[in-house]
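# Descriptive analysis of the structure
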Amino acid sequence: MMDSPAGWPQGCRMADRNASLLPDTHGWAAAPTLPSALGAVLFLALAALTTYLTQDSLPEPSGLFVFFVAVLLASVRFGFWIGVASALAAFATFNFLFVRPLYTFAIAKPGDLLVLAEFLGVAGLTGFLAGRLREEANAATTRAEVLEVLSAFAADLAKVDGLPAIRATLSRHVAALVPGPVVVLQPVADGFSPDAGLDPGLDAADLQAAERALRRHSREDPAQPGQQGGSLAFLPLVQAGEVVLILGHAVLGPNRADRAVREQAIEVICQQANLAIARLTLATTAEEARTSATRDALRAALLTSLSHDLRTPLATILGAITSLRELGNTLPPAARDDLALAIEEEARRLSHYVENLLYMTRLQAGLDLHLSWVDPADVVRAAIARASTAFPTARISADLPELPMLQAEAALLEQSLFNLLDNAVKFSAPAAPIHVTATVGQDQIAVCVADQGPGIAPRVQAEVFKPFYRADPGRPGTGLGLSISNGIVQALGGTLTVTSPLRDGKGTRMCITLPLPKASP
Amino acid sequence: MTKPLILIVDDEAQIQRFLGHALAASGYDTAFAATGQAALAMVASAKPDAMILDLGLPDLNGKAVIENLRARSGLPIIVLSAHDQEMEKIMALDLGANDFITKPFGIGELLARLRAVLRQRAQPTGILRQGGLVIDLPGHTVHLNGQSIHLTPTEFDLLVMLAQNPGRVLTHRQILMQVWGPAHGQDVPYLRVFIGQLRQKIETDPAAPAYIQTEPGVGYRWIAAEA
């Protein structure tokens, strides 16, 4: 193989490549081959031997029939030309060995010439008919094969989910149709992917042909035998004026009867592959549009939330601090204390919000989990302690049995649980009880937070886990808490479920269900 | 002497909380409303002397409150707005709000604005004295430090409109509508030229104006000279 032309990156292996060797089929007038000639000679030798051994016991014409059979067999088996050659050879041999004068080619009776003509006629006709029959049979087999390939291809194509799958399918099925290598190239910025220059089956001329197909958007045929050029045909698959794939395949010999039907099949396959690519592109575009719309909605909600939830605490903090500084002496002590408390509360609120925003960002970027063995009871207690500090008036109790260890990230799980508690406190009457329970199942553990708040109407239960959803925009809050809880729990392989109302049309229970690890620590 | 009553209209409890303490310590009585409807009811029942109004209310838009109020009262209104509520703010001023302050703000700034709007309640007529500037409204004459200044009729109208509203932000639109008429509401570049001419005639240093202050993107404010 020649050196790869400059511009093709190194270090890539051909992936989508298949080779198949089809049994070559011949037309009725195909040129004879040496094995078939030897076969015909063998038939004649057997005929001569048989005639020789039986000439004393059987009447003379029977030898002629034996040779006749040999000629027929040679015609049927080896085709027209061998048949005709066999006829001549049979006549000559019979004449030489068994017709008086023996051991000469002399023809004593004019009737013998008639025998020769009969021999030739029968052999030619038989060879022709047998060849045609074989051709028809071959054509039928080819059609069946091609149909099978086409239907298998269509079936496989229905299952593909991306360009690589289409490439592999295309390559595999075309390989079943041609007697030689098949490559599927994808044009990339500086050549082809996979790197065609490294493929041992592709020489520089093939690469040039592929490039021409890419440039001209048209089929490139291989060079004629004896001429310089590539050995493969290249077919570009064009989508919206751009070549997406190039199929390179070995071609069938020009004399092959099934060439046309196989090449048609390859074209059909290319068209179908092209349709499949178009379908995938459409699906991708629709999916992208959907994602983009969701992203935009999320961004808008984030901006609104940022402007509101960052500004209000900041305005309070700045206003309260300037009041303390500028009006310090005129403010009564109780007012000074209250302003200081307001500053503290708003700073906490800001911190909580920023924390949630960071979790949100982390979740959206895809959590990079650092799993370790975690005692869920510890996490529950830590979350309750944090919530009790943040909401001193809340009445949070817990009922925790012995719990198995989990594979999780403690801080994440705590945040998720804290957000549930935060939510329960927010929607409960002051000092209404909030109860945390944990239950262990066969292969999972559930931690539930139940409150006696107003409950969540069934039709909005799916909404509450969406980012920035707020049941009551009048209450302070960002609409991030539950969506973060849900995101974290899902990242940990669990589910967050909501049950509401619990009794008398009131109360909500949120349960974090996490899978238990297969092995214990 | 009774303390002025300030009505604070904001749905954020924390904002109400610090404003309440600060205003009480500064010698004001305070009343609170969390919604536009409640604010309108309070204006009718409590008769406040000024209103601090957040533009982002949960029920009525702050602008609707101003529109409703302006139909029947000249109650001074200071609008609380956010940086990205520029258009809302200008519309609120166009509708008749007296001033604005952008969140977050220091309390000193708010108290100064409040004092200014409370002072401007009685609109002066007759002869206006502002530092060395004497504007004779009926006589259509202006004197600066005893010297007579020649003003075109439009310049005079512009000066009077500004000087009659000391401390108050007048939007481009409000000035253009009153001085030039309703057809000229959008001719801001025109207004800029006239303000420039007026400054040349009345300001000691037109590059650092003492009387006519620019509120970028909003309008102009007349700075009342301390008497």
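Residues numbered from 1 in each chain as written. Chains lettered and ligands numbered in written order. Predicted model: local features only at pLDDT ≥ 70, side-chain atom pairs only at ≥ 80, totals over all residues. Heavy atoms only, no water.

### Regarding the overall build of chain A
Worth spelling out the cut-off: Strands are runs of DSSP state E lasting at least two residues, helices are runs of H or I lasting at least four, and both sets are numbered from the N terminus onward. We call two residues in contact when some of their heavy atoms are within 4.5 Å.
Counting secondary structure elements, chain A contains 11 helices and 12 strands. Sequence-distant contacts, at least 24 apart, represent 70% of the contacts inside chain A between residues at least 6 apart.

### Focus on the interface of chain B and chain A
So the rule is basically this: Once two parts are joined, some of their accessible surface, as seen by a 1.4 Å probe, is lost; buried area is that loss totalled over both. We define a salt bridge as a contact between a side-chain nitrogen of Lys or Arg and a carboxyl oxygen of Asp or Glu at a distance within 4 Å. N or O atoms within 3.5 Å of each other form a polar contact, as long as, within protein, one can give a hydrogen and the other can take it, and as long as residues adjacent in sequence are counted only when both atoms are side-chain atoms. Under the convention adopted here, Pro, Cys and the residues Ala, Val, Leu, Ile, Met, Phe, Trp and Tyr are nonpolar, Asp, Glu, Lys and Arg are charged, and Gly plus all remaining residues are polar.
Each side of the interface is counted separately: chain B has 19 residues, and chain A has 24 residues. Of all residues in chain B, the largest losses of buried area upon contact with chain A belong to B:Q14, B:R17 and B:H21, amounting jointly to 31% of the total for that side. In this assembly, chain B and chain A are joined by three salt bridges. A salt bridge links B:E12 to A:R349; the shortest N-O distance between them is 3.8 Å. Run the count over chain B and chain A and you get seven residue pairs in polar contact (both at pLDDT 80 or more). Looking at the side of chain B that touches chain A, the elements with two or more residues in it are α1 (13-25) and α5 (107-119) of chain B. Sorting elements by how many residues they give to the side of chain B that touches chain A places α1(B) first, with seven residues. Per-class residue counts for the side of chain B that touches chain A are nine nonpolar, six polar and four charged.

### Notes on the sheet that holds strand β8 (residues 141-144) of chain B
Residue and element names in this part refer to chain B. The criterion, for reference: Two strands pair if DSSP finds at least two bridges between them. Axis lines are fitted through C-alpha atoms, for helices just across the contact stretch, and the angle between N-to-C directions can take any value from 0 to 180 degrees.
Overall, antiparallel pairing links the four strands, which are arranged β6-β7-β8-β9 in an open sheet. Bordering the open sheet on either side are β6 (127-130) and β9 (147-149), each of which pairs with just one other strand. The sheet shows a mean angle of 25° between the axes of neighbouring strands, taken without regard to direction. Strand contacts of helix α6 (residues 153-163): β6, β7 (133-136) and β8, with the helix running at about 110° to β7, the strand carrying the most contacts.

### Section: empty space enclosed by the protein
Residues and elements named next belong to chain A. Spelled out, the test is: Space inside and on the surface of the protein is sampled on a 1 Å grid over the protein atoms alone, with a cavity defined as a set of points where a 1.4 Å probe fits but cannot get out and a pocket as an open set with protein on both sides within 12 Å along at least 5 of 7 lines; lining residues have an atom within 4 Å of a point. Grid points are joined across faces, edges and corners, and a volume is the space filled by probe spheres set on the points.
Tallying each qualifying case throughout the model produces one cavity of 30 Å³ or more. Space inside the largest cavity adds up to approximately 60 Å³. Lining the largest cavity are P376, V379, V380, L406, L413, L417, V447, I512 and L514. Mapped by element, the contributors of at least two residues to the lining of the largest cavity are α9 (376-390), α10 (410-426) and β12 (508-515). Classifying every residue of the lining of the largest cavity by side-chain character gives nine nonpolar, no polar and no charged.

### What about the packing of aromatic side chains?
All names here are of chain A. Cut-off, in case you're wondering: A pair of aromatic rings is counted whenever rings of Phe, Tyr or Trp (Trp by its six-membered ring) have centres within 6.5 Å, and the orientation is called stacked for planes under 30 degrees apart, edge-to-face for over 60 and tilted otherwise. Here the term buried applies to any residue with accessible area under 20% of the maximum for its type, exposed to any over 50%, and partly exposed to those in between, with areas from a 1.4 Å probe on protein chains only. By the criterion adopted, a ring carries a charge over it if an Arg CZ or a Lys NZ lies within 6 Å of its centre and within 35 degrees of its normal.
Per the stated rule, a full pass over the model turns up nine aromatic pairs over all chains. Measuring from ring centre to ring centre gives 6.1 Å for F96 and Y103, while their planes differ by 70°; the resulting arrangement is edge-to-face. Judged by relative accessible area, F96 falls into the partly exposed class, the value being 28%. Ring plane angle 15° and centroid distance 6.3 Å describe the contact between F391 and F418, whose orientation is recorded as stacked. One end of the pair, F391, is in the loop between α9 and β7 (395-399); the other, F418, is in helix α10, with 27 residues separating them in the sequence. If you follow R386 out to its NZ or CZ, it ends over the ring of F418, 4.0 Å from the centre.

### Re the environment of A:F96
For A:F96, the location among the structural elements is in helix α3 (residues 80-98). Placed 11 residues apart in sequence, A:F96 and A:I107 show a C-alpha to C-alpha distance of 9.4 Å.

### What to know about the sheet that holds strand β9 (residues 433-440) of chain A
Residue and element names in this part refer to chain A. Read from one edge of the open sheet, five strands run β7-β9-β10-β12-β11, paired in mixed fashion. Only two strands of the sheet have a single neighbouring strand rather than two, namely β7 and β11 (495-499). Ignoring which end each strand starts from, the neighbouring axes of this sheet average 15° apart. Relative to strand β10 (residues 444-451), β9 runs antiparallel, the two sharing six bridges. Looking at β10, one finds that T437 is bridged to C448. Helix-sheet contacts for α9 involve β7, β9 and β10, and the interaxial angle to β7 is about 170°. Lying on the sheet, helix α11 (residues 481-491) is in contact with β11 and β12; it crosses β11 at an angle near 135°.

### What about unusual backbone geometry?
A:P501 follows A:S500 through a cis peptide bond whose omega is -5°. Note that the residue after B:K103, namely B:P104, is joined by a cis bond; omega there is -5°. Structurally, B:P104 can be placed in the loop between β5 (99-102) and α5. Residue B:K47 is not a glycine yet carries a positive backbone phi of 50°. When you line up the elements, B:K47 lands in the loop between α2 (36-46) and β3 (50-54).

### Let's talk about the nonpolar core
Operational definition: We define a nonpolar core as any set of buried Ala, Val, Leu, Ile, Met, Phe, Trp, Tyr and Cys residues linked to one another through side-chain atoms lying within 4.5 Å. Start and end points for every domain follow an automatic or database-based domain assignment.
Ranked by size, the top nonpolar core spans 49 residues in total, and within it A:I396 and A:L421 carry the most contacts. When residues in this core are grouped by element, the largest group, eight residues, is from α10(A). Three or more residues apiece are contributed to this core by two domains, here domain 2 (311-365) and domain 3 (372-515) of chain A. The residues touching A:L421, leaving out its near neighbours within four places in the chain, are A:A383, A:I384, A:A387, A:I396, A:I434, A:V436 and A:V449. In this structure, B:A25, B:I78, B:L114 and B:L118 belong to the second largest nonpolar core, which totals 30 residues.

### A closer look at α9(A)
For an α-helix, 3.6 residues make a turn, and residues three or four places apart therefore share a direction. Residue and element names in this part refer to chain A. We count it as follows: In this analysis, the expected span of each helix is defined as 1.5 Å times one less than the number of residues it contains.
Its 15 residues give α9 an end-to-end C-alpha distance of 21 Å, which sits within 8% of 21 Å, the value for a rise of 1.5 Å per residue. Elements that come into contact with the buried residues of α9 comprise β6 (372-374), β7, β8 (406-408), α10, β9 and β10. Where α9 begins, one side-chain oxygen reaches toward the backbone nitrogen of A377, 3.0 Å away; that side chain belongs to D375.

### Considering the side chain of A:S485
Residue and element names in this part refer to chain A. Along the polypeptide, S485 turns up in helix α11. The buried category is assigned to S485, whose relative accessible area is 0%. Among all residues touching S485, those that are not within four sequence positions of it are S416, N419, L420 and L496.

### Remarks on the confidence of the model for chain B
Quick reminder of the rule: Each residue gets a pLDDT score, which is the predictor's confidence in that residue and runs from 0 to 100.
Looking at chain B as a whole, the pLDDT averages 87, with 96% of positions reaching at least 70. Considering each helix and strand of chain B separately, the mean pLDDT is smallest for β6(B), with a value of 81, and largest for strand β1 (residues 5-9) of chain B, with 94.

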